[in-house]
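Descriptive analysis of the structure
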Amino acid sequence: MLEIDRLDAWYGPSHVLHGLSLEVRPGEILALVGRNGAGKTTTMKAVMGLIPKVAGSVRFLGEDLLGRPAHARFPLGLAYVPEDRRIVPGLTVRENLKLGLLRAPASIKEGPAIAEIAETFPRLAERLDQTAVTMSGGEQQMLAIARAMIARPKLILLDEPSEGIMPVLVEEMGRLFVALRERGVTLLLVEQNVEWALNLADRAVIIDQGAVVHESSAAALRADTAIQDRYCAV
């Protein structure tokens, strides 16, 4: 589904990704783990067209992404939930959700799409007309995920969704991600909460210093504490 081949990326003079290659397969949750600064977020941003200087190959459903500007990647069926959520101040929950429809296929209508989100996220259903930034951090994270989901993407990239969220909402998110996979949505999950991510994921990839250093089933990595200690310990 998503094929990254020998990807290099730079922030100014800093060479962050070094020939990184990985594949995300249809219908799976792939956990992308590693220490802070390993290149996980940079990988996601490169896929979404948010890194100014890249080289290599990134293909999604056979389409070359590096030849497309960022705004032209979303309509292909990609969605991105950044770590900082980017909830728009001054807008209600409903208005933030509508932003997720700006590049959606014409077949997706606003009313039914918001009704579907409200059914999936009961917490948001109660707050559709509330100013979004007045909600708790966990509820804002749910909104960021819902805004990504509303256009029915094929692949959602999630950057540190559990960061700063109370445990009960983290568990709720985990159940949501499993339900999305069962509905045919593919997830690429970047996480510092390695145990939680590996309990959800089908496969796992470890990045270290901008390159892939380990790939296995999530269950195999969960059982290999030596590799976790070497590459994932904070």
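Everything numeric here is computed off the predicted structure, so don't read it as measured data.

Cut-offs and rules
- Residues numbered from 1 in each chain as written.
- Predicted model: local features only at pLDDT ≥ 70, side-chain atom pairs only at ≥ 80, totals over all residues.
- Heavy atoms only, no water.
- Domains from an automatic or database assignment.
- Contact = heavy atoms within 4.5 Å.
- Buried area = accessible area lost by both parts, 1.4 Å probe.
- Salt bridge = Lys/Arg side-chain N within 4 Å of Asp/Glu carboxyl O.
- Polar contact = N/O pair within 3.5 Å; in protein donor to acceptor, adjacent residues only side chain to side chain.
- Helix = DSSP H or I, 4+ residues; strand = E, 2+ residues; numbered from the N terminus.
- Core = buried A, V, L, I, M, F, W, Y, C linked by side-chain atoms within 4.5 Å.
- Buried < 20%, exposed > 50% of the residue type's maximum accessible area, 1.4 Å probe, protein only.
- Phe/Tyr/Trp six-rings, centres within 6.5 Å; stacked < 30°, edge-to-face > 60°.

Let us look at the domain arrangement of the protein chain. Once the domains are mapped, the protein chain shows domain 1 (2-77 + 153-231) and domain 2 (87-149). One C-alpha centre belongs to domain 1, the other to domain 2; they are set 24 Å apart. Contacts between domain 1 and domain 2 engage 16 residues on the former and 13 residues on the latter. Summed over both partners, the interface of domain 1 with domain 2 comes to about 1,200 Å²; 69% of that surface belongs to carbon and sulfur atoms. Taken together, the connections running from domain 1 to domain 2 amount to two salt bridges. Of the charged contacts, one joins Glu116 and Arg183 as a salt bridge, the two residues approaching to 3.7 Å between their closest N and O atoms. Here domain 1 is connected to domain 2 by one residue pair in polar contact (both at pLDDT 80 or more). Secondary-structure elements contributing two or more residues to the side of domain 1 that touches domain 2 are strand 7 (155-159) and helix 6 (167-182). Looking at the side of domain 1 that touches domain 2, the element that brings in the most residues is helix 6, giving six residues.

Take the nonpolar core next. Of all hydrophobic cores here, the largest spans 53 residues; its most connected members are Phe121, Ile145, Ile156 and Phe177. Considering every element that reaches this core, the biggest residue donor is helix 5 (residues 137-149), with seven residues. Here this core gathers at least three residues from each of two domains, domain 1 (2-77 + 153-231) and domain 2 (87-149). Not counting chain neighbours up to four residues away, the residues in contact with Ile156 comprise Ala79, Val81, Ala148, Met149, Leu180, Val185, Thr186, Leu187 and Leu188. One finds Leu2, Leu32, Leu65 and Leu76 within the second-largest nonpolar core, a separate group that totals 30 residues.

Within this structure, the stated rule accounts for one aromatic pair. Ring centres 6.1 Å apart and planes at 55° place the aromatic pair Phe177 and Trp196 in the tilted group. One end of the pair, Phe177, is in helix 6; the other, Trp196, is in helix 7 (residues 194-200), and 19 residues separate them in sequence.

Take the environment of Asp8 next. Take Asp8: it is sitting in strand 1 (residues 2-11). Remark: the alpha-carbon pair of Asp8 and Thr43, spanning 35 residues in sequence, is separated by 9.2 Å. Discounting chain neighbours no more than four positions away, the residues touching Asp8 are His15, Leu17, His18, Gly19, Lys53, Val54 and Ala55.

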